4 protein chains.
Amino acid sequence: MCRWLAYSGTPIRLEELLVKRDRSLIDQSLHSRLGATTTNGDGFGVGYRSIHPAWNDRNLRELAAGISSPLFLAHIRASTGSAIQETNAHPFRHGQWLWMHNGLIREFSTVRRELLLAVDDSLFPAIEGTTDSEAMFYLALTFGLEDDPIGAVERMVGFVEETGRRHGVDQPIQMTIATSDGRSIYAFRYSSEGASRSLFFSTRMDALQANYPEMVELAGLSDETRVVVSEPLGDLEGAWNEVPESHVGIIQPGDDELRPFSPRV
Amino acid sequence: MCRWLAYSGTPIRLEELLVKRDRSLIDQSLHSRLGATTTNGDGFGVGYRSIHPAWNDRNLRELAAGISSPLFLAHIRASTGSAIQETNAHPFRHGQWLWMHNGLIREFSTVRRELLLAVDDSLFPAIEGTTDSEAMFYLALTFGLEDDPIGAVERMVGFVEETGRRHGVDQPIQMTIATSDGRSIYAFRYSSEGASRSLFFSTRMDALQANYPEMVELAGLSDETRVVVSEPLGDLEGAWNEVPESHVGIIQPGDDELRPFSPRV
Amino acid sequence: MCRWLAYSGTPIRLEELLVKRDRSLIDQSLHSRLGATTTNGDGFGVGYRSIHPAWNDRNLRELAAGISSPLFLAHIRASTGSAIQETNAHPFRHGQWLWMHNGLIREFSTVRRELLLAVDDSLFPAIEGTTDSEAMFYLALTFGLEDDPIGAVERMVGFVEETGRRHGVDQPIQMTIATSDGRSIYAFRYSSEGASRSLFFSTRMDALQANYPEMVELAGLSDETRVVVSEPLGDLEGAWNEVPESHVGIIQPGDDELRPFSPRV
Amino acid sequence: MCRWLAYSGTPIRLEELLVKRDRSLIDQSLHSRLGATTTNGDGFGVGYRSIHPAWNDRNLRELAAGISSPLFLAHIRASTGSAIQETNAHPFRHGQWLWMHNGLIREFSTVRRELLLAVDDSLFPAIEGTTDSEAMFYLALTFGLEDDPIGAVERMVGFVEETGRRHGVDQPIQMTIATSDGRSIYAFRYSSEGASRSLFFSTRMDALQANYPEMVELAGLSDETRVVVSEPLGDLEGAWNEVPESHVGIIQPGDDELRPFSPRV
């Protein structure tokens, strides 16, 4: 339904990951191999948000060529029904926190009102769009995302599942999510049915560099450099590892972590 | 904050009113004379909705030149804060009903949640944007717009004022509104402070034609032809009449009507 | 590269052909079966022009549901390199004439300057975009499109081929084209290599109605009703006929015609 | 007709100049004080280009808050007739060079063809839009902008004036222009009639800091920091100096310069 990418590490020009590879995110906007939809042309976001398809967008190419960053999230969208408008494009931002999502809340129009009602009074006015993804973000913020990111997402998913089931929805949620405060990245893979959208993280950079000493593009990247993606950016053997079902990866200064994830009611 | 125009009568090319006059709606998008803001460049709508300023929009000119209609609503927007996106552009449509608004609900971010909660369950999923204007529309629909348009708007305004005052807002609502089922047009002028945005209706066409027998553009228009506008489309003497404070005009087959309007709790 | 549709006949709501069928033009924007590209998401046009993909565009659906017409051209675009902007979207209009194209002029950037130079002085300022398709239109206008449509297109193609070959281009042109003065539609299928993009016209309406007396959607359509399309709108047997290589079809009041087409130098 | 701003100096967040001041560039998009038009709502550009008015554009605010740069050009547009599309938005870029313009070539539609013909063959395919401003850029590139910026602009202006006069245009050109290779900025003020659009440069930063030791926002800016603007960003006394008629300012590492400018045939 969507594809996304989260990067942390040595400052890098965005175009290296978004544009220049064979299976870059822009390539995936037209030709996704693992996605639920082949075409992800309902807008994109990375620092700025657009309602245009990514593939022929010149601003995206200009900015991606001119901007370097040590941490960024990028997303291409395939709408599951909500309007094509910038306020529905990922990543969403609230204060220091970014949020992007692939998947859906099933029968969202049925449960939307009840989910929105649970958003904290002080956060409610900041909701600008109409997607399930943004509702999930504001629920997670309500449940304490800024203080305990993993706990808050566990409670958000628990609440969405409980609400959906109360309305007779069998498998209420399907998601991969990346969220970040600009310092760490939390990448979740979960679905009510235990068959979640694909999610991969890159191998430790020092190991990769040892295996491929001849690859110029890997040279100069710090040991901590890491990418999390909906689908691999290429087919370099040993470079990509699937995030297991119902797990969350934490990319942070120091050792990264991979932990089991389960909804909390 | 916005400017709008509603037309009923002999089928007419839209460009006659939107483009071709000195003080056409397109002219008002750049140079409003009576509006709270001079520039109304945050989008427009008439049959289709756009986030571009009306003044240089070629699609608007092409369509306005090619389409004739016996009844239409047109609107140019100056945002009071909500996002510039098509789902926030007027007129809003639900089934056969169109709705457009000039003005605002004061401190909308404070009362928005409570107003949305009052919208009927079956209507809630149809809300696509984030404006006060669309919230007013769905409240009016909840209160029976389709069966008793005037009564429903009276109750909507009563509810908005009651809610605002409960939150300490002095003058909760400021509005001119046009709504139509494609057969009649209801044009409201009201504000809590009794100093509403401007609203004018055109003089009966037969009287106007009698006074200006030489005006080619009036020839051929039926006696029932009528325009309601935020500000006059020109300065033809005797052509424009102000809608009095706290009144609603009904443009319909047969005699039109002008009635006092007051909120109902 | 693109897909298009031209209709002439009993006034019909645009959505009948653009939206409502299984293999409607909107469906083809995401899933073209016969096109050189599967995705045609770089804009569309029908009376108005947009840079958004057609598939999720709400204005297109609103307008297509509200507008009926006895003759129209519709187009969805897959750019071969030129910018995604309204002035590059088809159909192009000059006075009464509309023009849309599927295909390309090969090595256009090499020959563009020379082709533009051949456009008549009085027409040159009207060129607003940067596509090969629009250049072909203004060349055809220069060669007399308004007086002798077929002759003018023959000369345009001859000139493009001669220019291309002088620059060492083997197969300079690939095209299906529809052009109309609002009364007749001229539909061309031609390519330098003799392997042109697909083009189909619908069977005579009275024959189709006789074969399918039970089909409600055919009832009420005049005998002269005809559609020309890049690819069939469905798989009704006997409904669609391929335009032969190097031919032009003329849809007009009275009998339609199919004639051989060859470039003229 | 337009407003622009060029900055060179200590890396600064773009929002400091584009958003945060009373008379910021965004403020000028709605309320220009010195411009030929009050509203400059036909798009903008700074690193990326947009067809939306700057005043309510959230991407502009997000990017301007997140990006710091030691040298940038920013522009807001009021079209003099050419289409509202990204390829017509300033600044234009070719290789390392940026270009933006306020003013016009008079009777451009008359001379456009002849001006375009003079553009070098190798540069012609890179022209993507339809403005006089972009034509001036490609003429200047043809005349050697990359090697001798001032000489190339002198020859460009001489050529435009000579061409215009040959077609009976009295005052062929009106312009302020900024162009930069990312290292120096060249700012021109010239018009055939000797009454050019306004242009100001900021006082040397050390002098300004000495006069206003209490101003926090000036602290930390290097002595070489300099801004050139269509109209002052505020009314700080002594801060803004008019560029004299027919002059060019050069902002560069080391001492800046101000030289007389005259067209060369």
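So, here's what we can say about the structure. Computed from a predicted structure; not experimentally measured. (Residues numbered from 1 in each chain as written. Chains lettered and ligands numbered in written order. Predicted model: local features only at pLDDT ≥ 70, side-chain atom pairs only at ≥ 80, totals over all residues. Heavy atoms only, no water.)

**A look at the environment of A:Ala83**
Assignment of secondary structure puts A:Ala83 in the loop between strand S4 (68-77) and strand S5 (92-94). For A:Ala83, a relative accessible area of 4% puts it in the buried group. For the pair formed by A:Ala83 and A:Ile51, sequence separation is 32 residues and the distance between their alpha carbons is 9.8 Å. The contact partners of A:Ala83, leaving out residues within four places of it in the chain, are A:Arg77, A:Asn88, A:Thr130, B:Thr87 and C:Arg58. (Helix = DSSP H or I, 4+ residues; strand = E, 2+ residues; numbered from the N terminus. Buried < 20%, exposed > 50% of the residue type's maximum accessible area, 1.4 Å probe, protein only. Contact = heavy atoms within 4.5 Å.)

**Points about the relation of the copies chain C and chain B**
Once turned by 180° and shifted 0.0 Å along the axis, chain C lies on chain B with an RMSD of 0.0 Å. Look at the turn and shift together and you get a two-fold axis relating the two. Of every C-alpha in chain C, the one belonging to C:Ile67 sits nearest the axis of rotation, 4.2 Å from it. Both copies contact each other with a shared surface, as 100% of the interface residues of chain C are interface residues in chain B too. (Least-squares fit on C-alpha atoms with pLDDT ≥ 70 in both.)

**Some thoughts on the sheet that holds strand S5 (residues 92-94) of chain D**
All names here are of chain D. In spatial order, the strands read S5-S6-S7-S8-S12-S13; together these six strands make up an open sheet with antiparallel pairing. Edge positions in the sheet fall to S5 and strand S13 (257-260), since each has one partner strand and no second. Geometrically, the sheet is characterised by an average inter-axis angle of 15° between neighbouring strands, direction not taken into account. Looking at chain direction, strand S8 (residues 185-191) and strand S12 (residues 247-251) are connected through five bridges and run antiparallel. Each bridged residue has a counterpart across the sheet, and for Ile 185 the counterpart in S12 is Ile 251. (Pairing = 2+ DSSP bridges. Axes fitted to C-alpha atoms, helices over the stretch in contact; angles between N-to-C directions.)

**Some points on the environment of A:Asn40**
Mapped onto the fold, A:Asn40 is located in the loop between helix H2 (25-31) and strand S2 (44-46). The sequence separation of A:Asn40 and A:Ser262 amounts to 222 residues, and the corresponding C-alpha distance is 29 Å.

**Looking at the pairing of S13(D)**
By the bridge criterion, four bridges tie S12(D) to S13(D) in an arrangement that is antiparallel. Bridge pairing in S13(D) links D:Gly249 to D:Leu258.

**With respect to the packing of aromatic side chains**
Two aromatic rings, taken as a pair, are described by how far apart their centres are and by the angle between their planes. This structure, assessed with the given rule, holds 30 aromatic pairs over all chains. When the centroid spacing of 6.4 Å and the interplanar angle of 40° are considered together, the rings of B:Trp55 and D:Trp55 count as tilted. Here D:Trp55 lies in the loop between strand S3 (48-50) and helix H3 (58-66) and B:Trp55 lies in the loop between strand S3 (48-50) and helix H3 (58-66), a pairing that spans two chains. Judged on exposure class, the residue B:Trp55 and its partner D:Trp55 are both buried. The interplanar angle of 25° and the centroid separation of 5.4 Å between the aromatic rings of D:Tyr7 and D:Phe72 together place this pair among those described as stacked. Taken as a pair, D:Tyr7 in strand S1 (residues 2-13) and D:Phe72 in strand S4 (residues 68-77) lie far apart in primary sequence, 65 residues in all. (Phe/Tyr/Trp six-rings, centres within 6.5 Å; stacked < 30°, edge-to-face > 60°.)

**Re the side chain of B:Thr163**
Relative to the helices and strands, B:Thr163 resides in helix H6 (residues 149-166). The contacts of B:Thr163, once residues within four sequence positions are left out, are B:Val111, B:Glu114 and B:Leu115.

**Notes on the interface of chain B and chain A**
Taken together, the 16 residues of chain B in the interface contact 16 residues of chain A. In this assembly, chain B packs against chain A so that about 1500 Å² is buried in total across both faces, 52% of it on carbon and sulfur atoms. In this structure, the connection of chain B to chain A is made through two salt bridges. Here chain B and chain A share ten residue pairs in polar contact (both at pLDDT 80 or more) between them. (Buried area = accessible area lost by both parts, 1.4 Å probe. Salt bridge = Lys/Arg side-chain N within 4 Å of Asp/Glu carboxyl O. Polar contact = N/O pair within 3.5 Å; in protein donor to acceptor, adjacent residues only side chain to side chain.)

**Some points on the pairing of strand S6 (residues 97-105) of chain D**
Residue and element names in this part refer to chain D. Burial analysis of S6 places eight of its nine residues in the buried class, the great majority of the element. Inspection of the sheet shows S5 paired to S6 by three bridges, in the antiparallel sense. From the neighbouring strand, His 94 faces S6, where its bridge partner is Trp 97. Here S5 folds back onto S6 in antiparallel fashion, the turn holding two residues, of which Gly 95 has a positive phi close to 55°. Judged from the eight bridges that link them, S6 and strand S7 (residues 173-180) form a sheet pairing that is antiparallel. Across the sheet, Gly 103 pairs through a bridge with Met 175, a residue of S7.

**Observations concerning the interface of chain C and chain B**
At the junction of the two partners, chain C supplies twelve residues and chain B supplies twelve residues. Summed over both sides, the interface between chain C and chain B buries roughly 1100 Å², with carbon and sulfur atoms accounting for 37% of that surface. Across the chain C-chain B interface, the total number found is four salt bridges. The partner of C:Arg58 in a salt bridge is B:Glu128, with the nearest N and O atoms 2.0 Å apart. The tally of links from chain C across to chain B stands at six residue pairs in polar contact (both at pLDDT 80 or more). Contributions of two or more residues to the side of chain C that touches chain B are made by strand S3 (48-50) and helix H3 (58-66) of chain C. In the side of chain C that touches chain B, the residues fall into three nonpolar, three polar and six charged. (Nonpolar A, V, L, I, M, F, W, Y, C, P; charged D, E, K, R; others polar.)

**Let's talk about the environment of A:Ile150**
Residue and element names in this part refer to chain A. One can find Ile 150 in helix H6 (residues 149-166). Residue class for Ile 150 comes out buried when judged on its relative accessible area of 10%. As a C-alpha pair, Ile 150 and Gly 238 span 88 residues in sequence and 28 Å in three-dimensional space.

**What about the relation of the copies chain B and chain A?**
For the pair chain B and chain A, the best superposition has an RMSD of 0.0 Å and corresponds to a rotation of 180° with a translation of 0.0 Å parallel to the axis. A share of 100% of the interface residues of chain B reappears at the interface of chain A, consistent with the copies meeting face to face through the same patch.

**Points about helix H6 (residues 149-166) of chain D**
All names here are of chain D. The terminal C-alpha atoms of H6, which comprises 18 residues, lie 26 Å apart, in line with the 26 Å expected from a rise of 1.5 Å per residue. With 13 of 18 residues buried, H6 is to be regarded as a mostly interior element. Trailing H6 by a residue or two, Gly 168 shows a phi angle of about 80°, which is positive. (Expected span 1.5 Å × (residues − 1).)

Purely geometric stuff here, so don't read any function into it on its own.
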